[in-house]
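Fold and geometry: a report
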Amino acid sequence: MGFDEMDVDTIWKNGEFLDWEDATTHVLTHALHYGSGVFEGVRCYDTDRGPAVFRWEEHLDRLFDSAKMYDMDIEHSREEITEATLELLDRQDLESCYIRPIAYYGYDSLGVSPEGCPTDLVLAAWPWGAYLGEEALEDGVDVMVSSWRKHASSQVPTNVKTTGLYVNSMLAGEEARRNGYVEAIVLNKEGNVAEGPGENIFMVNDGEIYTTGPAQSILEGITRDTVITLAEERGYEVHDEAVISRGQLYTADELFFTGSAAEVTPIRSVDDTEIGAGTRGPVTEELQSAFFDLVERRTGDHDEWFTYL
C-alpha cells in the first residue's frame, strides 16, 4: 500500500508540524547525495491498555548513538522528540503504526564533508502491517543466500543504523525477490551468516537457540534483544554471539527472522532447501506467541518497555 492510500496527513520536521505534502527537502541535500543520515523504525501497538510505543527509549538511544558516529548534532532533546512523536500519533488518530525518526545532513553545501550543513530531524508515522506479509507470520518465508556480502565493521560502522548503508540491504533483498524469494540472508566477508537485509536471524538446534553477534557485522536489533530476553525467561539457552556457517542454515531445526518491521517471522526454506518440517517450528511458535502476547499487552511483563499515548 502506497502512502497515498493511507490516512496520514502530518509530519513533524525541525520542531513544527507540517502537512504531509509540504514536508520536503532540497534536491541538493547532503544526505541525498552521500547517504549521511541516521534513522530508526519503531512500532506502536494497539494494546489491551491503549496504544503504546514499544521500546521507544532504546530506539532513541540508538538514534543518538548513530548520530554521534556521524558527528551529527541533534539539537532537539529526547523529551522533545518523545512529546512530538506522541502528538504526531494523536493528531493522526494512529493506534497501531510504524514510526520513522530520521536525522540527516541537510542543504547548505555539496562537498563530501558535511561542514556547514544543518542537521534536519523528521518524524513520520503510518499504518504498516506485517513487513513480510501477514501469511508469513504463520507459514514462514522462502529465502535465498544473497551473492552480496555484508560490509565489515572495519570498512563502515555496522553497529549504528545509517541510511547510506541500506543500499547493501536493498541490493540483497531485490536480488532475492527477482529470483522468486521473499527475502535474503546476507553473509559477512568471511562467508559466515550475518543477518537479513533488515532483520536479525536466529537458528534453533536441539532445543538451543543461536543468533549472530556484533563480531559478525550485524546491527544489534532491539527486537533481537527482546526475543533473547523472552527465550531466556522461558529457560532456553541462547548463544547470542554465535558463528553460523552457510551450511548450518540448511540443516537447522528451525530458523526465524526478528526485527521491528519483521517482528518474529519463521523461515521455511533457504535456497529451496526445506528447514525442519518446512513449517513454523515449535520454538519459533512459542517465542512468536510470547512476543505478540507481550506487545499486545496480554501479559504484564516488561511494562518498562512501553511508552503509552
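Numbering of residues starts from 1 in every chain and runs along the sequence as written. In keeping with the predicted nature of the model, local features appear solely for residues at pLDDT of at least 70, side-chain atom pairs appear and are counted solely at 80 or more, and the whole-chain, interface and lining totals rest on all residues. Hydrogens and water molecules were not included; the side-chain quantities draw on all heavy atoms of the structure.

Let's talk about the nonpolar core
How we decide: We define a nonpolar core as any set of buried Ala, Val, Leu, Ile, Met, Phe, Trp, Tyr and Cys residues linked to one another through side-chain atoms lying within 4.5 Å. Residue burial is assigned from relative accessible area. The probe radius is 1.4 Å, only protein chains are included, and a residue is buried under 20% of its type maximum, exposed over 50%, and partly exposed in between. Comment: elements are numbered from the N terminus, with helices defined as DSSP H or I runs of at least four residues and strands as E runs of at least two. Here, two residues are considered to be in contact whenever any of their heavy atoms come within 4.5 Å of each other.
Within the largest apolar cluster, 34 residues are counted, with the highest numbers of intra-cluster contacts made by L89 and I99. Breaking this core down by element, the ones donating at least two residues are strand 1 (10-13), strand 4 (42-47), helix 2 (56-69), helix 3 (78-91), strand 6 (97-105) and strand 7 (119-126). Not counting the four nearest positions on each side in its chain, I99 is found in contact with E40, G41, V42, C44, V53, W56, T85, L89, A124 and A125. Core analysis: the second largest hydrophobic core is formed by 25 residues, A130, V227, Y236 and W305 among them.

Digging into the domain arrangement of the chain
Interfaces are often sized by the accessible area lost when the parts come together. Heads up, the condition is: Just so you know, the domain bounds were taken from an automatic or database domain assignment. Two parts placed together each lose some accessible area under a 1.4 Å probe, and the buried area is that loss summed for both. A side-chain nitrogen of Lys or Arg and a carboxyl oxygen of Asp or Glu constitute a salt bridge if their distance falls within 4 Å. Distance and chemistry together define a polar contact, namely a pair of N or O atoms within 3.5 Å, with one atom able to donate a hydrogen and the other to accept it when in protein, and with adjacent residues in sequence counting only for side-chain atoms on both sides.
Along its sequence, the chain is carved into domain 1 (3-127) and domain 2 (134-296). For domain 1 versus domain 2, the distance between C-alpha centres works out to 26 Å. Taken together, the contact between domain 1 and domain 2 spans 22 residues of the former and 21 residues of the latter. Area buried by domain 1 at its contact with domain 2 is led by F39, Y45 and R62, which between them contribute 32% of it. Viewed at the interface, domain 2 and domain 1 are joined by two salt bridges. One salt bridge in this structure joins R55 and D225, with 2.8 Å as the shortest N-O distance. Remark: the boundary between domain 1 and domain 2 carries 14 residue pairs in polar contact (both at pLDDT 80 or more).

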